[in-house]
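In case you want the letters, here they are:
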Amino acid sequence: MSTPTPTSAPTAPTPSGSYYQRHIFFCLNQRQGESSCADQGAQAAFDHCKRQVKVAGLAGPGQVRVNKAGCLDRCAGGPVAVVYPDATWYTFVDTADIDEIVESHLKHGQIVERLVLPADVGR
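What this report covers is the structure whose coordinates are included nearby. These numbers were taken from a predicted model, which means no experiment stands behind them. (Residues numbered from 1 in each chain as written. Predicted model: local features only at pLDDT ≥ 70, side-chain atom pairs only at ≥ 80, totals over all residues. Heavy atoms only, no water.)

A count of helical and extended segments in the chain gives 2 helices and 4 strands. Helices and strands in the chain line up, N terminus first, as β-α-β-β-β-α. The burial tally for the chain puts 37% of its 123 residues in the buried class. For the chain, the share of sequence-separated contacts (at least 6 apart) that also reach a separation of at least 24 residues comes to 64%. Carbon and sulfur atoms make up 52% of the accessible area of the chain, which amounts to about 7200 Å² in all. (Helix = DSSP H or I, 4+ residues; strand = E, 2+ residues; numbered from the N terminus. Buried < 20%, exposed > 50% of the residue type's maximum accessible area, 1.4 Å probe, protein only. Contact = heavy atoms within 4.5 Å. Areas by Shrake-Rupley, 256 points an atom, 1.4 Å probe, with all protein chains shown as cover.)

By the definition in use, this model includes 4 salt bridges. The salt bridge partner of E100 is R114, with a shortest N-O separation of 2.7 Å. Placement of E100 in helix 2 (residues 95-107) and of R114 in the segment after helix 2 is noted, with a sequence separation of 14 residues between them. On the basis of relative accessible area, E100 is assigned to the partly exposed category, the value being 29%. Ionic contacts of the salt-bridge type, sharing partners, join the residues D97, E100 and R114 into one network. (Salt bridge = Lys/Arg side-chain N within 4 Å of Asp/Glu carboxyl O.)

Of all hydrophobic cores here, the largest spans 27 residues; its most connected members are I24, F26, C49, V53, V66 and L106. Sorting elements by how many residues they give to this core places helix 1 (residues 42-55) first, with 5 residues. Apart from the residues within four sequence positions on either side, V53 is in contact with L58, A59, V64, V66, V102 and L106. (Core = buried A, V, L, I, M, F, W, Y, C linked by side-chain atoms within 4.5 Å.)

Moving on, we get to the side chain of S36. Along the chain, the position of S36 falls in the loop between strand 1 (22-27) and helix 1. Here S36 falls in the buried class, since its relative accessible area comes to 1%. When residues no more than four places from it in sequence are discounted, the contact partners of S36 are N29, Q30 and R31.

All told, the structure shown has 4 aromatic pairs when counted by the stated rule. Each ring, one from F25 and one from Y84, has its centre 6.3 Å from the other, and the planes form 65 degrees; the classification is edge-to-face. You can see F25 sitting in strand 1 and its partner Y84 sitting in strand 3 (residues 80-84), a full 59 residues away along the chain. Overall, the relative accessible area of 23% leaves F25 in the partly exposed class. Relative to F46, the ring of F26 has its centre 6.0 Å away and its plane inclined at 80 degrees; by these criteria the two rings are edge-to-face. Here F26 is found in strand 1, whereas its partner F46 is found in helix 1, with 20 residues between them in sequence. The pair formed by F26 and F46 is uniform in burial state, with each residue classed as buried. Taken together, F26, F46 and F92 form an aromatic cluster joined through their ring pairs. Looking at R74, its charged tip hangs above the ring of W89, at a distance of 4.7 Å from the centre. (Phe/Tyr/Trp six-rings, centres within 6.5 Å; stacked < 30°, edge-to-face > 60°. Lys NZ or Arg CZ within 6 Å of the ring centre and 35° of its normal.)

So, in structure tokens, the structure goes:
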């Protein structure tokens, strides 16, 4: 009897012991009568980020997870995304900004300072 071969190599545990090394959450909330992230291209940015993370080979356990989120309560800075466990909040304008976040922060752990949402920006 033969032992089944795994379809992929096991993923090394992350330093924190977390299932993913990083999560990026995109606010996709739609507010009625108020400006919201959904009005500012958040869904397209989420979709683009998800594709770029996959293309870069960063998706999966021990690596990066791209998630949808409801309201993150930082509407005034929208659209917004937050990377955990780093607790780095970003605002972005276009896919080039998302590409920079993927390449610099999600791939290399370097915060993209020019896109960091100021701490005092809330709803």
